[in-house]
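Overview (structure and organization)
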2 protein chains.
Amino acid sequence: MEKGTLLYEGKAKQIYSTNDEEVVWVQYKNSATAFNGEKKADIDGKGVLNNKISSLLFSKLAEKGIESHFIKQLSDHEQLVKRVDIIPLEVVVRNVIAGSLSKRLGIEEGTEMTKPIIEFYYKNDDLGDPLITDDHINYLEIATDEERSVLREMALQVNEVLQGIFKEAGVILVDFKLEFGKDRSGKILLGDEISPDTCRLWDADTRQKLDKDVFRRDLGSLTEVYSIILERLGGNSLCTK
Amino acid sequence: MEKGTLLYEGKAKQIYSTNDEEVVWVQYKNSATAFNGEKKADIDGKGVLNNKISSLLFSKLAEKGIESHFIKQLSDHEQLVKRVDIIPLEVVVRNVIAGSLSKRLGIEEGTEMTKPIIEFYYKNDDLGDPLITDDHINYLEIATDEERSVLREMALQVNEVLQGIFKEAGVILVDFKLEFGKDRSGKILLGDEISPDTCRLWDADTRQKLDKDVFRRDLGSLTEVYSIILERLGGNSLCTK
Ligand SMILES: Nc1ncnc2c1ncn2[C@@H]1O[C@H](COP(=O)(O)OP(=O)(O)O)[C@@H](O)[C@H]1O
Ligand SMILES: Nc1ncnc2c1ncn2[C@@H]1O[C@H](COP(=O)(O)OP(=O)(O)O)[C@@H](O)[C@H]1O
Ligand SMILES: [Mg+2]
Ligand SMILES: [Mg+2]
């Protein structure tokens, strides 16, 4: 497989073409951003950690029968994935109330739910990724009712599997964001990444935050807590010191 | 019917008990508020106008078979209505894109939709009446799936009738907010008010705003445009000068 031209650069990854039309080359960057890009930093080791964690989680999901774009990890910073047309929705699954949901509903962060809540955000940086409803999704023609049901169903399946994985690792899966895309045949695949950038992860005993909230809220070293996650998942740790 | 004690005072109305447990006495105030109470003014004539317009619209809805809490207009500022337990949802129906929907989806104000959009906001001043989804409504146990369907259905019926009424009056019904409540038997009734405070109304020819946006955006005299609405609906106009 050969790396081609840069197709798209986002806040966390670069996407390159390859000599196979249906495959793209993903390069995980070291940049950390929050609050829709208002807060930014370059953090050595972040790209490697997210690439490793994401590769590991996509592999574990595949073992449980959940198909994603993931093909393989190429190097510390690189992955090969199936090219998809990303559906412009951030599909958020929540098991414990935190972040914007805590503010929206006026319920204390840390409140557990008996059933996960799924939310759809319109993936649009200019608009600040607003929460949208089924009526909005229909109006924007982002997904049909049937596709929306598939996204919900897949998101819940991913949640089931990830909750199991993190529980074994002594970590509470508070919430996470997924992106989905359609491959050339129109099939919906899980895409993007699953990492401490896109999940809220709390230590099961101490409730220490082991995710991007450490960066958002200035709670300590991002690479230190991302390394803890990688280690607990059984990945090769990084020497960050 | 006798007016009893003040049960509740909101931003636009006072609710008094009566000697009938199932009936409350509504007094329309002159205060205008916007942006969750940040902008405020006392406007002579506003209470009368909203009381008259709301009474008139509830009567017309009743003629078309849509049941509401409305019993009768008592005076310039007063109405008798059936007492309900208000469901803490602001049910918004939109025919044309405007206001927060325009900002949320990045679509120009004035864009017409082929099908109305219904939105549910959590009626909670402290939280700023946030948009919520079906999952949030379920979690908060504000309404069951079935009740939510009834609210949607009733809101669409109200929209049908109001669109007809306003069309005849040379007015575009851009969007509006409804509140519903449950009477003692648990039956869902349309409640609260329907006025230029709670609707976006544009002149069909000039697109002049004839609603609270005049106050929100400092576009002229509120009572002047509310009087236009009352007159066009065939009500007794007010002498505001
Ligand atoms: N399999 C894929 N094929 C094509 N694009 C993808 C795939 N997976 C993820 N993407 C997209 O790659 C872009 C870069 O990712 P990222 O840097 O995280 O972007 P963002 O700044 O939008 O979060 C995003 O638009 C993401 O949706
Ligand atoms: N039929 C009814 N029975 C009881 N309460 C009602 C009824 N209709 C409306 N209300 C409630 O009366 C209160 C006063 O109205 P308003 O001044 O518009 O309040 P707000 O400041 O919440 O907009 C609101 O909480 C409204 O929901
Ligand atoms: Mg991203
Ligand atoms: Mg009100």
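Remember, predicted model here, so these are calculated numbers, not experimental data.

Here we look at the pairing of strand β9 (residues 89–96) of chain A
Residues and elements named next belong to chain A.
- Of all eight residues in β9, eight are buried; the element is thus mostly enclosed.
- Relative to strand β10 (residues 112–122), β9 runs antiparallel, the two sharing seven bridges. From the neighbouring strand, L89 faces β10, where its bridge partner is Y122.
- As defined by bridge partners, β9 adjoins strand β12 (residues 171–178) across four bridges and the pair is classed as antiparallel. Looking at the pairing, V91 lines up with L178 of β12.

A few points about the UniProt feature "domain: SAICAR synthetase/ADE2 N-terminal" (unreviewed entry) in chain A
- According to UniProt, the positions carrying the feature "domain: SAICAR synthetase/ADE2 N-terminal" (unreviewed entry) are residues 6–232 of chain A.
- In the segment residues 6–232 of chain A, helix accounts for 31% and strand for 33%; the C-alpha atoms at its two ends are 33 Å apart.

Regarding the interface of chain A and chain B
- Each partner contributes to the interface: chain A provides 25 residues, whereas chain B provides 26 residues.
- Together chain A and chain B conceal approximately 1900 Å² of surface at their shared face, both sides included; 63% is due to carbon and sulfur atoms.
- Taken together, chain A and chain B are joined by two salt bridges.
- Here R152 of chain B and D135 of chain A are joined by a salt bridge, their closest N and O atoms 2.9 Å apart.
- Of all elements in the fold, only α2 (99–105), β10, β11 (131–132) and α3 (134–140) of chain A reach the threshold of two or more residues within the side of chain A that touches chain B.
- Top contributing element to the side of chain A that touches chain B by residue count: β10 of chain A, with six residues.
- Looking at the side of chain A that touches chain B, its residues break down into 15 nonpolar, four polar and six charged.

Some points on the site of ligand 2
Residue and element names in this part refer to chain B.
- Lining the immediate environment of ligand 2, one finds 17 residues, of which K11, K13, H69, K123 and E179 sit closest.
- Between ligand 2 and K13, the relevant distance is 2.7 Å, taken from an oxygen atom to a main-chain nitrogen or oxygen of the residue.
- The side chain of K123 places a nitrogen or oxygen atom 2.7 Å from an oxygen atom of ligand 2.
- Relative to its unbound accessible surface of 560 Å², ligand 2 loses 89% to contact with the protein.

Notes on the pattern of salt bridges
Residue and element names in this part refer to chain A.
- Taken as a whole, this structure holds 56 salt bridges over all chains when the rule is applied.
- A salt bridge links R216 to D213, with the nearest nitrogen and oxygen atoms 2.5 Å apart. Residue R216 and its partner D213 are located together in helix α5 (residues 213–216), separated by three residues, close to a single helical turn.

Some remarks on unusual backbone geometry
All names here are of chain A.
- For D129, which is not glycine, the phi dihedral falls at a positive 50°.
- By secondary structure assignment, the location of D129 is in the loop between β10 and β11.
- On the accessibility criterion, D129 (18% relative accessible area) is buried.
- With phi around 55°, D218 is a residue other than glycine that occupies positive phi space.
- Residue D218 is classed as exposed on the basis of its relative accessible area, which comes to 61%.

Observations concerning the environment of E21 of chain A
All names here are of chain A.
- Relative to the helices and strands, E21 is located in the loop between β2 (13–18) and β3 (23–28).
- With a relative accessible area of 55%, E21 lands in the exposed category.
- Taking the C-alpha atoms as reference points, E21 and R83, 62 residues apart in sequence, are found 7.7 Å from one another.
- For E21, the contacting residues outside a window of four places in its chain are R83 and R184.

Structural notes on the sheet that holds strand β2 (residues 13–18) of chain B
Residue and element names in this part refer to chain B.
- Reading across the sheet, the five strands line up as β1-β2-β3-β7-β6 and stay open at both edges, with antiparallel pairing between neighbours. Among the strands making up the open sheet, the edge pair consists of β1 (3–9) and β6 (70–73). Neighbouring strand axes in the sheet, compared pairwise and without regard to direction, differ in orientation by 30° on average.
- Here β2 runs beside strand β3 (residues 23–28); their pairing, made up of five bridges, is antiparallel. Considered in β3, the bridge of S17 is made with V24.

Reading guide: rules and limits
Residues numbered from 1 in each chain as written. Chains lettered and ligands numbered in written order. Predicted model: local features only at pLDDT ≥ 70, side-chain atom pairs only at ≥ 80, totals over all residues. Heavy atoms only, no water. Buried < 20%, exposed > 50% of the residue type's maximum accessible area, 1.4 Å probe, protein only. Helix = DSSP H or I, 4+ residues; strand = E, 2+ residues; numbered from the N terminus. Pairing = 2+ DSSP bridges. UniProt positions renumbered as here; feature names shortened; annotations may be inferred. Contact = heavy atoms within 4.5 Å. Buried area = accessible area lost by both parts, 1.4 Å probe. Salt bridge = Lys/Arg side-chain N within 4 Å of Asp/Glu carboxyl O. Nonpolar A, V, L, I, M, F, W, Y, C, P; charged D, E, K, R; others polar. Near = heavy atom within 4 Å. Polar contact = N/O pair within 3.5 Å; in protein donor to acceptor, adjacent residues only side chain to side chain. Areas by Shrake-Rupley, 256 points an atom, 1.4 Å probe, with all protein chains shown as cover. Axes fitted to C-alpha atoms, helices over the stretch in contact; angles between N-to-C directions.

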